[in-house]
Amino acid sequence: MSAARALKTFPSSTLPPEAREEEIELSIVMPCLNEAETLAVCVKKAKAFIADHGLKGEVIVADNGSTDGSQQIANALGARIVHVPARGYGAALIGGIEAAKGKFVAMGDADDSYDFGGLMPFVEQLREGADLVMGNRFQGGIEPGAMPPLHRYLGNPVLSFLGQIFFKIPVGDFHCGLRAFNRASIRELGLTTPGMEFASEMVVKAAIEKLDIREVPTTLKPDGRSRPPHLRTWRDGWRHLRFLLIFAPKFLFLYPGVALALAGLAGVLGLIGGDVHVGGIEFGVHTMIFAAMAVLMGSQLIGLSVMARRYGTIAGMWPESGMMRRVRNWFSVERACILGGLMLAGGFAGAATATAIWASSGFGGLNPAALMRLTIPSMLLGCIGLQMVVTAFFIGLLDQPRR
């Protein structure tokens, strides 16, 4: 039997060490869509970094359908080309990460704005056990003209701040395009977004899964392209913000809902007994109507927050928290029906009382303001009671077993 054939009889895990192919430690992935002007210098820098530090590595160009010769350039320089037909920054990176063979993956744009020769701090952090290492351009330095003022002083700081608040992420540059990670850890997150919001999805899901996220300074210089960048400020900024809000139902629904409900409830209860004067301002029954509206809006937002958290848990978007587990165990369909039914009954009783008062006057003239102090709370009780029952049934639908 030949040596080659003999080796084939062994599973790869049982091959003797000298017969195994040396494992690749680092894959450098570059998303590419018509980057012929700058791709060559990026690939050369990446390959030089691998050679200079004695790493077993590879350079992958995740091509998104280039028509300017980018593929030929990558091939001539010895980079591995991965063809990704689905368009988008995130789609290209997902394709490149899936094709990568390295234990670690570093990703960076192919526009020569990032220094692929400065990846060693990223690799060192990964070797020490980090799952995701983010670059921080604000710490490392941003050269003049490298980042538009709107991005530098508004977009990136605001979105990074929201990410820190929403998800408790110790990252000061939420959208740095140069980052490195443990491939196995990131693949388990199930990243799916095809657009620029992929950068947010990676950090958010890593934080939700409590991965080890670290940060190192990196530099940013003006890119070498003569054409405008693929990034669109307002469109892509909104997509990042939308993604952050979708994954933060407490901030999108719960906290605004509680604030509205409490403020509105204070207004309704404070005005039941009559008008209230604060300084030279009189708050009457018309204020009570808007206070009731705030309670209704708040209760709807609170209900949506509970449903969103439950759906997110079932869909695997985040683990179920202890508080939500207690809420779900208490907020059964049966309890909600009893409590909501009592509130509905109270609302109908208030409506019946108001009708009786009207009837006592022969269905003639009455004091509308005085009667509204009864009908508004009655309406509020009925609406919230019905909403509670419907919300409980919807959560019960989400909890149904699946095949």
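Everything below is about the structure printed above this text.
This one's a predicted model, so the numbers in the text were calculated from it and none came from an experiment.

Reading the values: the criteria
- Residues numbered from 1 in each chain as written.
- Predicted model: local features only at pLDDT ≥ 70, side-chain atom pairs only at ≥ 80, totals over all residues.
- Heavy atoms only, no water.
- Helix = DSSP H or I, 4+ residues; strand = E, 2+ residues; numbered from the N terminus.
- Rg over C-alpha atoms; globule rule 2.2 N^0.38 Å.
- Contact = heavy atoms within 4.5 Å.
- Areas by Shrake-Rupley, 256 points an atom, 1.4 Å probe, with all protein chains shown as cover.
- 1 Å grid on protein atoms, 1.4 Å probe; cavity = no way out; pocket = protein on both sides within 12 Å on 5 of 7 lines; lining within 4 Å.
- Points joined across faces, edges and corners; volume = space filled by probe spheres on them.
- Nonpolar A, V, L, I, M, F, W, Y, C, P; charged D, E, K, R; others polar.
- Phe/Tyr/Trp six-rings, centres within 6.5 Å; stacked < 30°, edge-to-face > 60°.
- Buried < 20%, exposed > 50% of the residue type's maximum accessible area, 1.4 Å probe, protein only.
- Pairing = 2+ DSSP bridges.
- Salt bridge = Lys/Arg side-chain N within 4 Å of Asp/Glu carboxyl O.
- Patch = residues over 30% accessible without salt bridge, like charges linked within 9 Å, V, L, I, M, F, W, Y side chains within 5 Å.
- Polar contact = N/O pair within 3.5 Å; in protein donor to acceptor, adjacent residues only side chain to side chain.
- Axes fitted to C-alpha atoms, helices over the stretch in contact; angles between N-to-C directions.
- Parallel < 35°, antiparallel > 145°, perpendicular 65-115°, else oblique.
- Left-handed = near helix turned anticlockwise from the far one by under 90°.

**Q** Which residues make up the overall build of the protein, and what are the values?
**A** When helices and strands are counted, the protein shows 15 helices and 9 strands. For the protein, the C-alpha radius of gyration of 30 Å lies well beyond 22 Å, the compact-globule estimate for 403 residues. Projected onto the principal axes, the alpha-carbon positions of the protein cover approximately 105 × 55 × 40 Å. Residue pairs in contact within the protein that sit at least 24 positions apart in sequence constitute 75% of those at least 6 positions apart. Accessible area of the protein: about 20,600 Å², with a carbon and sulfur share of 63%.

**Q** Tell me about empty space enclosed by the protein, and please be specific about residues and values.
**A** In total, this model carries 2 cavities of 30 Å³ or more according to the counting rule given. Estimates place the volume of the largest cavity at around 40 Å³. Looking at the largest cavity, the residues that line it are Val306, Arg310, Met324, Arg328, Phe331 and Ile395. Of all the secondary-structure elements, those providing two or more residues to the lining of the largest cavity are helix H12 (285-314) and helix H13 (322-330). Of the residues assigned to the lining of the largest cavity, the class counts are 4 nonpolar, no polar and 2 charged. In this structure, the second largest cavity encloses a volume near 30 Å³. Every residue lining the second largest cavity is listed: Arg309, Arg310, Thr313, Glu320, Met324 and Arg328. Listed by contribution, the elements that provide at least two residues to the lining of the second largest cavity are H12 and H13. Top contributing element to the lining of the second largest cavity by residue count: H12, with 3 residues.

**Q** How would you explain the packing of aromatic side chains if you had to name every residue and give the values?
**A** Scanning all chains against the criterion turns up 4 aromatic pairs. Three or more aromatic residues joined by ring pairs form one cluster here, namely Phe166, Phe167, Phe251 and Tyr255.

**Q** Got a sec to walk through the pairing of strand S5 (residues 132-136)? Specific residues and values, please.
**A** With 5 of 5 residues buried, S5 lies mostly within the body of the structure. Burial along S5 is two-sided: Leu132, Met134 and Asn136 and Val133 and Gly135, pointing in opposite directions, are all buried. Inspection of the sheet shows S5 paired to strand S6 (residues 179-182) by 3 bridges, in the antiparallel sense. Looking at the pairing, Met134 lines up with Arg179 of S6. By the bridge criterion, 5 bridges tie S5 to strand S7 (residues 213-217) in an arrangement that is parallel. Residue Val133 lies in a different strand from S7, and its bridge partner there is Arg214.

**Q** Any chance you could break down the pattern of salt bridges for me, citing the residues and the numbers?
**A** If you walk through the whole model with that rule in mind, you get 15 salt bridges. Between Glu201 and Lys205 there is a salt bridge whose closest N-O contact spans 2.8 Å. Note that Glu201 and Lys205 are positioned in helix H9 (residues 198-208) at a spacing of 4 residues, about one turn of the helix. For the pair formed by Glu201 and Lys205, the shared burial category is buried. With a closest N to O distance of 2.3 Å, Asp275 and Arg373 form a salt bridge. Of this pair, Asp275 sits in the loop between helix H11 (249-271) and strand S8 (276-278) while Arg373 sits in helix H15 (residues 368-398), and the two are 98 residues apart along the sequence. Several salt bridges share partner residues, and in doing so they unite Glu35, Asp111, Asp223 and Arg225 into one network.

**Q** How would you summarise unusual backbone geometry if you had to cite specific residues and measurements?
**A** Positioned with a positive phi, Asn34 is a non-glycine residue whose angle comes to about 60°. Assignment of secondary structure puts Asn34 in the loop between strand S1 (26-32) and helix H2 (39-52). The phi dihedral of Asp112 is positive, around 65°, even though this residue is not glycine. Mapped onto the elements of the fold, Asp112 is located in the loop between strand S4 (104-107) and helix H5 (120-127). Judged by its relative accessible area of 13%, Asp112 is buried.

**Q** Help me get a handle on H9, residues and values and all.
**A** Residues separated by three or four positions in an α-helix point in the same direction, a consequence of the helix having 3.6 residues per turn. Counting buried positions over the 11 residues of H9 gives 11, a clear majority of the element. Looking one or two residues past H9, Lys210 carries a phi angle of roughly 60°, positive in sign.

**Q** So what's going on with a nonpolar patch on the surface? Residues and values would help.
**A** Residues Leu150, Leu154, Val158 and Trp234 make up a contiguous nonpolar surface patch of about 400 Å² in total accessible area. Counting residues per element, the nonpolar patch draws most heavily on helix H7 (residues 149-167), at 3 residues.

**Q** Describe the side chain of His240, listing the residues and the values that go with them.
**A** The residue His240 is located in helix H10 (residues 233-246) in this model. At a separation of 2.7 Å, a polar atom in the side chain of His240 contacts the side chain of Ser200. Excluding its chain neighbours within four sequence positions, the residues that come into contact with His240 are Leu159, His175, Met196, Glu197, Ala199 and Ser200.

**Q** Would you mind going over the packing of H9 against H10 in detail, with residue names and values included?
**A** One way to put it is that H9 packs onto H10 with a least axis distance of 9 Å and a crossing angle of 25°. With respect to each other, H9 and H10 are oriented roughly parallel. As for how H9 packs across H10, the hand of that crossing is right-handed. Seen from H9, the contacting residues are Ala199, Ser200, Glu201 and Val204; seen from H10, they are His240, Phe243 and Leu244. Classifying every residue of the contact of H9 with H10 gives 4 nonpolar, 2 polar and 1 charged.

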